[in-house]
Every structure is written in C-alpha cells, then in structure tokens.
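Residues per chain, in single letters:
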Amino acid sequence: MVKKIVPVFLLAILTALCLTGGDAVPAEGGAEIPAGEKYVALTFDDGPRRCTTERLLDGLKERGARATFFLIGQQIEDNADLVARMAEEGHQVGNHTWSHQRLDSVLPDAAAQEVARTDAALEALLGEGEYWLRPPYGQVAEGADFDVPMVKWSVDPRDWESRDTGKVTQAILDCVKPNSILLLHDIYPTSVEAALRVVDRLQAEGYWFVTVEELLWLNGVTPEPGRMYRTGRG
C-alpha cells in the first residue's frame, strides 16, 4: 500500500545522501529531509485507459519516476491489471469519483456515493487503504465532509484543451518550481508524451518525481482529512 512506500523511498534518498556527503535538515517528527533537493509531483486524472496509461507506466518505470493517479471508478474493473501495476510500482492511487461527477453540483448524499463506490472498487482490488480524493474540476460543495486529504494542483497546462505535446510540455516548464503539483490526464497520447518529456527535462535539472503523499511528507506536512492541498507545502 502507499503508506508503506514513503519510508522506503525516503530511506533510499537519505542513504544516497549519506554516501555522497550531502547535507540534510530535520523535519517534523524527527525524520530528515535532504537539503537543497527539488521535488515535484506529477498527477494524472480520468484514467485508467489501456492504450495510454500502459505507455505512461512503461515510461515512468524506465525513468524511475513516481506519480499519483486519480482514477474514475467505473473504469477500474476493465483495467484492473493497470491499477494493480500502479500500486506495485510505487505510484500513489487515488479517487476521482465514480463517473467524473462534479461534487459541487450534487446533493451531499450523491457526492458521497460517487466517492464511496470508487473507494470500494479500489479496496476490492488493492486492499484497505486511504485513497486520497481529487474532486473533478477541483471543486467540492461548501461544507462538504470527506474523510481523506484532497488534492488540487499548482500547475495546469490545460492539456485536455490543446492536446498538443509541445504546448503542454512548454506550459509546464514555464511554470514548474520545487513542490509543484502538476495536473495532466493520462487518457490523451499527447499528454503522456508531454509528461515523459517533462520528466526527462526536469530530471536533468535535478528534480525528483515523487507522489503527492511523499511530497507533503518531504516538506514536513502531515496530511489532514478534508483539507485540500495545492502544493507540497499545503
């Protein structure tokens, strides 16, 4: 499960720093965060879709990059192997509602059902866990009460609109900075290609690609149920 991934990943980073003599600074709770490192979280909505998500997973694995996938519940069963692979390869798996329903435009019971059905599908496949929520369009009704952290974004290249690999890539590179949460959709081939180009470019600049949960952890942020996070700092 995702919760078990974070310490292992961070231990690997810290071990590497010790071997190279890198400095570290204390984080909340007594752990250590590597000083001067640049972290970013790639997130993908609306999947999984076999022809594109599989290519993305292959590319991320080749590059040693982690990501966070917010899944549409009704697409999970037919792509169960891809969802299992996400978890097995260290990616964070989250909830994007059952049918991509706007949670700010339905009654509370309907919103809760959209989230609960997807949670149930994920738990049936991956086991019990905390599957963080990305509300479609990043919006929830005022006073909505969800018992997991929610994730928005700080960089939106509007990949769904242009569906142009070059434009999407450049839009991200123009805005990205350490602790950014990037929004993309793994249902478009152009977005998958843009994501891999961004990974190549930013890794060459010293960035590490981590999950949203890892990004918050690295910043000493303890995720809170019902709170919306837009960057690695909160």
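Described below are features of the structure shown in this document.

So, how was this worked out
Residues numbered from 1 in each chain as written. Predicted model: local features only at pLDDT ≥ 70, side-chain atom pairs only at ≥ 80, totals over all residues. Heavy atoms only, no water. Helix = DSSP H or I, 4+ residues; strand = E, 2+ residues; numbered from the N terminus. Buried < 20%, exposed > 50% of the residue type's maximum accessible area, 1.4 Å probe, protein only. Contact = heavy atoms within 4.5 Å. Areas by Shrake-Rupley, 256 points an atom, 1.4 Å probe, with all protein chains shown as cover. Core = buried A, V, L, I, M, F, W, Y, C linked by side-chain atoms within 4.5 Å. Salt bridge = Lys/Arg side-chain N within 4 Å of Asp/Glu carboxyl O.

## Observations concerning the overall build of the protein
Link 1 in the chain: From N to C terminus, the protein includes eight helices and nine strands.
Link 2 in the chain: The burial tally for the protein puts 50% of its 234 residues in the buried class.
Link 3 in the chain: Taking the contacts inside the protein whose residues are at least 6 apart along the sequence as the reference set, 73% of them involve residues at least 24 apart.
Link 4 in the chain: Looking at the protein as shown, the accessible area adds up to about 10900 Å², and 49% of this sits on carbon and sulfur atoms.

## As for the nonpolar core
Link 1 in the chain: Core analysis: the largest hydrophobic core is formed by 36 residues, its most contacted members being Leu-42, Leu-60, Phe-69 and Phe-209.
Link 2 in the chain: Of the residues forming this core, the biggest block, seven residues, is contributed by helix H7 (residues 189-204).
Link 3 in the chain: Residues contacting Leu-60, with those up to four places away along its chain left out, are Leu-42, Ala-65, Ala-67, Phe-69, His-91, Leu-196 and Val-199.
Link 4 in the chain: Of all hydrophobic cores here, the second largest spans 15 residues; its members include Ala-41, Phe-70, Trp-132 and Val-212.

## Here we look at the pattern of salt bridges
Link 1 in the chain: All told, the structure shown has 13 salt bridges when counted by the stated rule.
Link 2 in the chain: Arg-158 is the salt-bridge partner of Glu-161, the closest N and O atoms lying 2.9 Å from each other.
Link 3 in the chain: A residue is classified by how much of its surface remains accessible, and Glu-161, at 49% relative accessible area, is partly exposed.
Link 4 in the chain: Given the relative accessible area of 38%, Arg-158 is considered partly exposed.
Link 5 in the chain: Salt-bridge contacts for Glu-193 lead to Arg-197; the nearest nitrogen and oxygen are separated by 3.5 Å. On the criterion of helical spacing, the pair formed by Glu-193 and Arg-197 is a turn pair, its members being four residues apart in helix H7.
Link 6 in the chain: The class for Arg-197 is partly exposed, based on a relative accessible area of 42%.

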